[in-house]
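Architecture at a glance
Listed here are the chains, written in short residue letters.
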Number of protein chains: 2
Amino acid sequence: MVTSARSIDRFYSIIPAGGVGSRLWPLSRADAPKFLLDLTGSGQSLLSDTWDRVYSLAGPERVMVVTGRSHRSAVCEQLPDLGDHNLVLESQPKDSSAAIGLAAAILEHREPDVIVGSFAADHVIRGQLLFHRAVAEAAALADTGRIVTIGIAPTEPSVGFGYIHAGEPIESLGGRDSYEVRSFVEKPDLETATSYVESGEYLWNAGMFISRADVLLDQMAKSDPELVANLREMAAVWDTPERDATVDRLWDKLPKVAIDYTVAEPAAERGAMACVAAHFEWDDVGDFASVSKLLSRGRPNDLAVLGQGARILSDASNGIVVAQSGRLISLIGLQDIVVVDTPDVLLVTTKENAQKVKSVVDLVKRSGESTVL
Amino acid sequence: MVTSARSIDRFYSIIPAGGVGSRLWPLSRADAPKFLLDLTGSGQSLLSDTWDRVYSLAGPERVMVVTGRSHRSAVCEQLPDLGDHNLVLESQPKDSSAAIGLAAAILEHREPDVIVGSFAADHVIRGQLLFHRAVAEAAALADTGRIVTIGIAPTEPSVGFGYIHAGEPIESLGGRDSYEVRSFVEKPDLETATSYVESGEYLWNAGMFISRADVLLDQMAKSDPELVANLREMAAVWDTPERDATVDRLWDKLPKVAIDYTVAEPAAERGAMACVAAHFEWDDVGDFASVSKLLSRGRPNDLAVLGQGARILSDASNGIVVAQSGRLISLIGLQDIVVVDTPDVLLVTTKENAQKVKSVVDLVKRSGESTVL
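Because the structure is predicted, anything quoted here is derived from the model rather than measured. (Residues numbered from 1 in each chain as written. Chains lettered and ligands numbered in written order. Predicted model: local features only at pLDDT ≥ 70, side-chain atom pairs only at ≥ 80, totals over all residues. Heavy atoms only, no water.)

A few points about the relation of the copies chain B and chain A
To go from the first copy of the chain to the second, apply a rotation about an axis and then a shift along the same axis. To be explicit about the condition: All copies are superposed by least squares; the fitting set is the C-alpha atoms of residues with a pLDDT of at least 70 in both. Any two residues whose heavy atoms approach within 4.5 Å are treated as being in contact.
Each copy of the sequence occupies a distinct position, and chain B is placed on chain A by a rotation of 179° and an axial shift of 0.0 Å, giving an RMSD of 0.1 Å. The transformation relating the two chain copies, once decomposed into turn and shift, fits a two-fold axis. Closest to the rotation axis within chain B is the C-alpha of B:V348, separated from it by 4.2 Å. Here 100% of the contact residues of chain B are again contact residues in chain A; the copies associate through an equivalent surface.

Have a look at this one:
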């Protein structure tokens, strides 16, 4: 039986802090990416919330953050306990294979038997004990040589998440929630999602991966050997004066590709993936409909408000208002409305259209209004 | 036969320029009342549009404007041809009986056989020749001692306007569109409005009154003799040094009452009202749904935009945007939306709820946010 309060042996957390979160524009911007925002009204950023969640897994000195150079000062300000040797700065964003892979390679070089767990900087989780217990079970399973993902037991047939098709239970270690992974599936339509949830065989893919660092990199190398060779070459000199020259030489060669395609999906095909079914609340806060849901827990007919000192007059309206401009905001007779009021951009849409914000961002790019991105 | 281009004998226009237009908040404010706004995209205010429409009736020197003292400079700036002797400033707003009645009394004192026509400063009319012709026919009819209102042949069963129930035709003068007035009726529900339009007996009440000044005041005196006595007392000294002292003594005694209740409705009961059915386009621009309709003539699925240099990205949205803040405004998937974006207040509602803006203004008053009114 895994206990929840104890520090996990040989464990190291990796927090890839990247991605603007285009569907949260105009709240999210290039210089205010989603992970630096307070989307829950907690008073601190999603990154800080993530830090608070993971540092107890193995201690605050065993958390590595990977982020862009331009976010260095913001990240350091928000995470005062993050040591310099635990901050990996990317020259240019290269998606999650490079970000997580480089961190794993650095940690592998420093500590060959390390078990790493990667946790996105911009997800929301509620239920710290259940989270800790799931990670501990995943770490124990990972120590047997598998790559383990934590899947979330679905509470509704969401079409906004990818799913994990779980297989046979794995009971050898005494963990009660471990399963083989048959496959990962992309965001489904509602009918498919409903069948997934009814079958009891599917979990939400929360993008958390726990494995030995060497196992992760070896699986990645089967998909892209050059990528992993370059990552390990940088890692070997990371803590030496040769770091900058090596990075400058190799960084541009790294492919921009999500870890789902270099590790998770091919490893599942090889039978090398396992999953732990978890029961904590999780959301990737992908759009304003998600933010609204998080803010108005259990009160779907409320008007959710994000913004300190917001001045709002609502008459028979529900949805979400993000109030950042300091203006008085009046709403009359609006259902499921989304209003994002910033000093230089106003966005109005509905929860149903929340996913389309990304396409408007593309439109903004093409329209020459890129100063507001 | 009445000709349209000729100046109308003994005619004088009165433009009562009052009323904030609460249902157009936050575009309309105490210091930016509806009549000072450009709601048609014409590049000038409704007041200026009204001036341009009426000055040709009898010449620019025969147009009198009644407005509040606080609007003096704005009105004079917008109407450079308005002479001092044609500007009547109210100490305090006292509604249309006092405003129109005082102007009529001043004009009656100066020119006993004058025929006056009062035209609101904040309505929209399209069809200058038809307008001129209707006023000329009304003036000819008014010279026989009646009070004449110009009613608009309805194009749809509007529930936003009051109606005139027309009676028998009056053909003696050769006018083709003159009728007795049976009664005035308040804004109906849709079923009633539909039956009105189908009957062919009802006209929209556009609040235009044409009559001899003495007839207007005599009819008003039958309803409120003290009011008319006070108006005539002020009028008698208006062009003398005693004006201010007399106004100061009498103004507070004037009742706040619409001319509909002191003249139109009781005169109709007495059989003293006539109407001319007119066929020009008319709208009182009562709310943002009206503004939207005016701006997107014949294109109901368009997004109407009011605001110079507006920066708007619309994805599958229609309705109206009033852009005054200079911000980029993005709309996604909104039907019949109303967005009014001003530097200090944002209003979001739908056309269907456009009439409720007034109640939000009341809410603002009670909430202590009166600096935005």
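Having put the structure on the table, let's press on.
Section: the interface of chain B and chain A
By a widely used convention, the size of an interface equals the accessible area lost when the partners come together. In plain terms, the rule: Buried area: the sum, over both parts, of the accessible surface (1.4 Å probe) that disappears when the two are put together. Whenever a carboxyl oxygen of Asp or Glu lies within 4 Å of a side-chain nitrogen of Lys or Arg, that contact is scored as a salt bridge. Polar contacts, as counted here, are pairs of nitrogen or oxygen atoms within 3.5 Å of one another; within protein the pair requires one atom able to donate a hydrogen and one able to accept it, and residues that are adjacent in sequence qualify only if both atoms are side-chain atoms.
At the interface, 35 residues of chain B touch 35 residues of chain A. Surface buried jointly by chain B and chain A totals about 2700 Å² across both partners, of which 63% is contributed by carbon and sulfur atoms. When the buried area of chain B at its contact with chain A is split by residue, B:R327, B:I332 and B:L346 rank highest and sum to 26% of it. Inspection of the chain B/chain A interface yields two salt bridges. Among the ionic pairs, B:D341 bridges to A:R327, the shortest N-O distance being 2.8 Å. The interface formed by chain B and chain A includes 18 residue pairs in polar contact (both at pLDDT 80 or more).

A short note on the sheet that holds strand β14 (residues 319–323) of chain A
Rules: When DSSP finds at least two bridges between two strands, those strands are taken to pair. Helix and strand assignments follow DSSP, with helices taken as H or I runs no shorter than four residues and strands as E runs no shorter than two, numbered in order from the N terminus. Structural elements are reduced to axes, namely lines fitted to C-alpha atoms, with helices fitted over the stretch in contact, and the angle between N-to-C directions of any two is expressed from 0 to 180 degrees.
The mixed open sheet is built from six strands, whose spatial order is β12(A)-β14(A)-β16(A)-β17(A)-β15(B)-β13(B). At either margin of the open sheet sits one strand with a lone partner, and together these are β12 (303–306) of chain A together with β13 (311–315) of chain B. This sheet shows a mean twist of 10° between the axes of neighbouring strands, independent of strand direction. As defined by bridge partners, β12(A) adjoins β14(A) across four bridges and the pair is classed as parallel. Across the sheet, the residue bridging to A:L303 is A:G319, located in β14(A). Most of the contacts of helix α10 (residues 288–295) of chain A go to β14(A), to which it runs at about 95°, and overall it touches β12, β14, β16 (337–341) and β17 (345–350) of chain A.

Points about the pairing of strand β15 (residues 328–332) of chain B
Convention followed: Working definition: with a 1.4 Å probe on protein chains only, accessible area under 20% of the residue-type maximum means buried, over 50% means exposed, and in between means partly exposed.
The element β15(B) is largely enclosed, with a buried count of five among its five residues. The pairing of β17(A) with β15(B) spans four bridges and is parallel. Following the sheet pairing, A:L347 is matched in β15(B) by B:S330. Of the strand pairs in this sheet, β13(B) and β15(B) are connected by five bridges, and their pairing is parallel. When the bridges of β15(B) are listed, B:S314 appears paired with B:L331.

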